[in-house]
Amino acid sequence: MSAGWVVAIVLAIGALAYFFAAQRARVQRDGTDRAKEVPHSLPTYHGWLAFIFATVPALLVYLVVSSVSAGLLDSRIRSEVTAHIADPAAASLSIGIVRNASNALTQLDLSGPNVPTSYAALRDMAKSAGITLADSGEDYMVPLAAGVNADAGVHKLIGQGLTLLLSLAGAAFAYSRIRLRLRARNQVERVVLCSLLGASTVAILTTVGIILSMLGETIHFFSEVDPLTFFFGTVWDPRFAAAGSSGSEGQFGLIPLLMGTLYIALVSMLFAVPVGLMAAVYMGEYASNRVRSTVKPLLELLAGIPTIVYGIFAVVTLGPFFRDLSAALAGGFSFIQAQSVFTAGIVMGVMLIPVVSSLSDDVITAVPRAMRDGSLALGATRSETIRKVILPAALPGIVGALLLTASRAIGETMIVVLAAGVAARINFNPFEAMTTITVKIVNQLTGDLEFNSPQTLVAFALGLTLFTLTLGMNVYALYIVRKYREQYE
Amino acid sequence: MSLESAATIAAPVSRPNAPPKMQGEKVGVFYGEKQALFDVDLKIEQFNVTSLIGPSGCGKSTFLRSLNRMNDTIDGCRVVGKITLDHDDIYDPAIDVVELRARVGMVFQKPNPFPKSIYENVAYGPKIHGIARNKADLDEIVHSSLRRAGLWNEVKDRLQEPGTGLSGGQQQRLCIARAIATKPEVLLMDEPCSALDPIATAVIEELIDELRENFTIVIVTHSMQQAARVSQKTAFFHLGKLIEEGKTEDIFTNPKNKQTQDYITGRIG
């Protein structure tokens, strides 16, 4: 019986429980003398309560048993394989082979004499069934895979049996408990409240999960590479080695990547901030309603373009254009390379304009009308009002908006992958190629890799660094924006 | 300084032959298609307090805001008729609205100090109009404006603190100081006490009476007692029309119009 069936049966039991519980509550309700006793909840609430009792605990137990079973099987494979192979890198490879073998066994016809005794025999059987297995398996893996499958069968039986029993027991319990004065309504409300709370914590828990998973791999990375050489190293040269061998030493200096990231972000902000701010001032203060209602959505449309499209634009159009332009300006020698900090920064700046203008526009229009009127009534012009009253009043909010924008620029990936180049070096000429943290994460993780060498694990350290950087900026931005709001409330 | 010298030439309250400081002739105001004000003829006498009274939505604030063209800031608002300041048509294209507003200052219903220091709030107008020649001059204008607004003793030790940190009544007096710092000729006040408690209201009313020596004041108020206390002339608006205007004591003791009488005795409004 598959998991889908189990869930379907539990839901069916729940539906029946709903129906019978509501029915019973209705009968009790109709048969009562309201002068003596007033029924507490409507029959539908009794129904929902029975449904909840029949489904929620059963499904939770099913989930727990399944995950415990997966953990048990995993540790059994791991312990038996490491008994045969000491080297951790090779062991992790073999663990994968055993998993595939046990997967294959479940799909083969194993009646009577068909049980394979050697790995080679298993591989041939699998091949004839259309399943490809690795060549390098050994014979001890076959009984192990079969044993794991047997265990899995037992676990499954326990889990499903327990689930169905619990579902029935929950339904019966809820049914037996129905009384006129049972506060079914309040109990259902409480369950709804819990599920709402659960929904709102999903995002937070996911964030914590992301941090923890990255933290684990990062610690693994730092066990092989000294954190000091990572954070303060000036040379990025990871030197890819074949998977499984960790012989060659790479150099993992963060500084060139960090500098590239910040440099490109700086160029993009230098472009996006003035343009975006002026756009926001125009939208918020000068534009008539008709212009505003057309231009603002158009500008925000820019924010909806996938960033890879900007990247393609940079590589195909803008990069060559700048290169040719610089060649024409300098008389033959193109001092702007096709992939450069400048190109990537400008294109990213275009992407950021709607972010800056939209966030700043919100902040500017949030300045109370009384401020504008007060200044205009003193005989100030509109631009004096904007420069001397509105922008200073909106400044903390604008700074917050710019910090949010900057963290977008730092975390941006696709534009820089295409437009900035991959050369990790320390460089102050904006017309040459540099690379960013995000580009290197993509590079290090491209291809079919095992996460056991520093060459791949470094991606997690880079990711965590980036995460910390942008998280810090976002938290600070939110702090500033919140502080600003208090002034007018 | 002109503020001080103006104090010495304070005019008597009633000067029947003096020309009006401002005058509206057949003033009408439209918000889009809707007409909010109809054919208002009203003279604003110099160095007098003129109060505009009437029930909500009667057009008194609309008329006030057309005197310094603050209605221009509202989308779709249109003013017809003629309004003059010292015989100059203020809606003439040759008039710079920025200059006009420097001559006709305004204090709003809700105190609206800028989120700047007390000093900067008052110095704002003189700075943008280049009234002060140097820092000492500016200091002098700020100090005398605060003194005239009756706020000096309360804030003299904390001029660099934010103006938004003052109490409501102090904030309103700060806004008055800010308005008179640009040395306007006319001061418009749009229900300046409606957001204040009775004590702060009494302080402001006293101040209005003192400011009359140097400024021509037009005040919109909901409170008939206030109009009777502070103004020499009163104009009663109803449903966008000017119903009756005249000396305050005449309007309140001997109204000619039935509607005016109904309003001041509390039967309408």
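Residues numbered from 1 in each chain as written. Chains lettered and ligands numbered in written order. Predicted model: local features only at pLDDT ≥ 70, side-chain atom pairs only at ≥ 80, totals over all residues. Heavy atoms only, no water.

## Structural notes on the side chain of B:Ser231
Residues and elements named next belong to chain B. For clarity, the cut-off: Helix numbers and strand numbers start at the N terminus; a helix is a DSSP run of H or I with at least 4 residues, a strand a run of E with at least 2. Burial status follows relative accessibility: with a 1.4 Å probe on protein chains alone, a residue under 20% of its type maximum counts as buried, one over 50% as exposed, and anything between as partly exposed. Whenever a nitrogen or oxygen atom comes within 3.5 Å of another N or O atom, the pair is scored as a polar contact, on the condition that within protein one atom can donate a hydrogen and the other can accept it, and that pairs from neighbouring residues in sequence are kept only if both atoms are in side chains. Pairs of residues are marked as contacts when any of their non-hydrogen atoms sit within 4.5 Å.
Within the secondary structure, Ser231 is located in the loop between helix H9 (224–230) and strand E9 (233–238). With a relative accessible area of 7%, Ser231 lands in the buried category. Side-chain polar atoms of Ser231 contact the side chain of Ser51, separated by 3.0 Å. If we skip the residues at most four places from it in the chain, Ser231 touches Val49, Thr50, Ser51, Gln226 and Thr248.

## Things to note about helix H7 (residues 168–181) of chain B
Residues and elements named next belong to chain B. What counts is decided by this rule: Given the number of residues in a helix, its expected span is that number minus one, multiplied by 1.5 Å.
Here H7 contains 14 residues, and its C-alpha end-to-end distance of 20 Å stays within 8% of the 20 Å for a straight helix at 1.5 Å per residue. The buried fraction of H7 amounts to 13 of the 14 residues, a majority that puts the element mostly inside the structure. Positive phi appears at Lys183, one or two residues downstream of H7, with a value of about 55°.

## So, the nonpolar core
Among soluble globular proteins, nonpolar side chains are generally buried collectively. What counts here: We call a set of buried residues a nonpolar core when its members are Ala, Val, Leu, Ile, Met, Phe, Trp, Tyr or Cys and they connect through side-chain atoms within 4.5 Å of each other.
Judged by nonpolar contacts, the single largest core of 73 residues is most densely connected at A:Phe221, A:Phe230 and A:Leu462. Here this core gets 12 residues from one element, more than from any other, and that element is helix H8 (residues 255–286) of chain A. Aside from chain neighbours lying at most four places away, what touches A:Leu462 is A:Phe230, A:Trp236, A:Leu254, A:Leu257, A:Ile437, A:Lys440 and A:Ile441. Residues B:Leu159, B:Ile176, B:Leu187 and B:Ile204 belong to the second largest nonpolar core, which totals 35 residues.

## Comments concerning the state of the cysteines
All names here are of chain B. The line we're drawing: Two cysteine sulfurs form a disulfide in these notes if their separation is within 2.5 Å.
As enumerated under the stated definition, the model contains zero disulfides over all chains in all. The thiol sulfur of Cys77 is not disulfide-bonded, and the nearest other cysteine sulfur, from Cys58, lies at 15 Å. According to the relative accessible area criterion, Cys77 is buried, its value standing at 18%.

## Some thoughts on the domain arrangement of chain A
Rules: Each domain span listed reflects an automatic or database assignment of domains.
Structurally, chain A comprises domain 1 (3–197) and domain 2 (251–487). If you average the C-alpha positions of domain 1 of chain A and of domain 2 of chain A, the two centres end up 48 Å apart.

## Quick look at the pairing of strand E6 (residues 104–107) of chain B
Consecutive side chains of a regular strand alternate in pointing toward one face of the sheet and then the other. Residue and element names in this part refer to chain B. Applied cut-off: A pair of strands is considered paired only if DSSP assigns at least 2 bridges between the two.
Alternating positions in E6 separate into two faces, Val104 and Met106 on one and Gly105 and Val107 on the other, with burial throughout. Direction of pairing for E6 relative to strand E7 (residues 186–190): parallel, over a ladder of four bridges. Note that in E7 the partner of Val104 across the bridge is Val186.

## Observations concerning the packing of helix H2 (residues 43–84) of chain A against helix H3 (residues 88–107) of chain A
For any two helices packed against each other, the geometry is given by the interaxial angle and the distance between the axes. Residues and elements named next belong to chain A. To be explicit about the condition: Interaxial angles span 0 to 180 degrees and are taken between N-to-C directions of axes, which are lines fitted to C-alpha atoms, for helices over the stretch in contact. Throughout this description, any angle smaller than 35 degrees is read as roughly parallel, any larger than 145 degrees as roughly antiparallel, any in the 65 to 115 degree range as roughly perpendicular, and the remainder as oblique. Handedness of a crossing follows from how the near helix is turned relative to the far one, being left-handed for an anticlockwise turn of less than a right angle and right-handed for a clockwise one. Polarity classes work like this: nonpolar for Ala, Val, Leu, Ile, Met, Phe, Trp, Tyr, Cys and Pro, charged for Asp, Glu, Lys and Arg, and polar for all others, with Gly in that last group.
One can describe the packing of H2 onto H3 by two numbers: an axis separation of 10 Å at closest approach and a directional angle of 125°. With respect to each other, H2 and H3 are oriented oblique. In terms of crossing hand, the pair formed by H2 and H3 is right-handed. Taken together, the residues of H3 that come into contact with H2 (itself represented by Asp74, Ile77, Arg78, Val81 and Thr82) are Ala91, Ser94, Ile95, Val98 and Arg99. Split into classes, the residues belonging to the contact of H2 with H3 amount to five nonpolar, two polar and three charged.

## Brief notes about the pattern of salt bridges
Stated precisely, the cut-off is as follows: The term salt bridge refers to a side-chain nitrogen of Lys or Arg lying within 4 Å of a carboxyl oxygen of Asp or Glu.
Scanning all chains against the criterion turns up 25 salt bridges over all chains. Here A:Arg372 and A:Glu285 are joined by a salt bridge, their closest N and O atoms 2.7 Å apart. Pair noted here: A:Arg372 is in helix H12 (residues 369–377) and A:Glu285 is in helix H8, with a separation of 87 residues, a long-range link. The buried category is assigned to A:Glu285, whose relative accessible area is 13%. Between B:Glu154 and B:Arg173 there is a salt bridge whose closest N-O contact spans 2.9 Å. Of this pair, B:Glu154 sits in helix H6 (residues 152–155) while B:Arg173 is found in helix H7, placing the two residues 19 residues apart along the sequence. By relative accessible area, which is 9% here, B:Arg173 ends up buried. Members of the salt-bridge network, linked through shared partners, are A:Arg292, A:Lys296, A:Glu300 and A:Asp361.

## Some words on the interface of chain B and chain A
How big an interface is tends to be stated in terms of the accessible area lost upon association of its parts. We count it as follows: Reported buried area values correspond to the accessible surface (1.4 Å probe) lost by two parts on association, with both partners' losses combined.
If you look at the interface, chain B gives 24 residues, while chain A gives 19 residues. Where chain B abuts chain A, roughly 1700 Å² becomes buried across the two surfaces, and 62% of that area is made up of carbon and sulfur atoms. Contact with chain A buries area across many residues of chain B, yet B:Pro115, B:Tyr124 and B:Ile128 alone supply 29% of it, more than any other trio. At the junction of chain B with chain A, the criterion picks out six residue pairs in polar contact (both at pLDDT 80 or more). Those elements that provide at least two residues to the side of chain B that touches chain A are helix H3 (97–103), E6, helix H4 (118–129) and H7 of chain B. In terms of residue class, the side of chain B that touches chain A is made up of 13 nonpolar, six polar and five charged.

## Details of the packing of aromatic side chains
The way to describe two aromatic rings as a pair is by their centre distance and the angle between their planes. Short version of the rule: Each pair of aromatic rings taken from Phe, Tyr and Trp, with Trp reduced to its six-membered ring, is defined by centres within 6.5 Å and is described as stacked if the planes are under 30 degrees apart, edge-to-face if over 60, and tilted in the remaining cases. Definition used: whenever NZ (Lys) or CZ (Arg) falls within 6 Å of the ring centre and also within 35 degrees of the ring normal, the charge is taken to sit over that ring.
This structure, assessed with the given rule, holds 19 aromatic pairs over all chains. Measuring from centroid to centroid gives 5.6 Å for A:Phe221 and A:Phe230, while their planes differ by 80°, and the two rings are edge-to-face. Classification of A:Phe230 as buried rests on a relative accessible area of 0%. The ring of A:Tyr175 is capped by A:Arg24, whose NZ or CZ atom sits 4.9 Å from the centre of that ring. Taking the ring centre of B:Phe114 as reference, the NZ or CZ of B:Arg178 above it sits at 4.2 Å.

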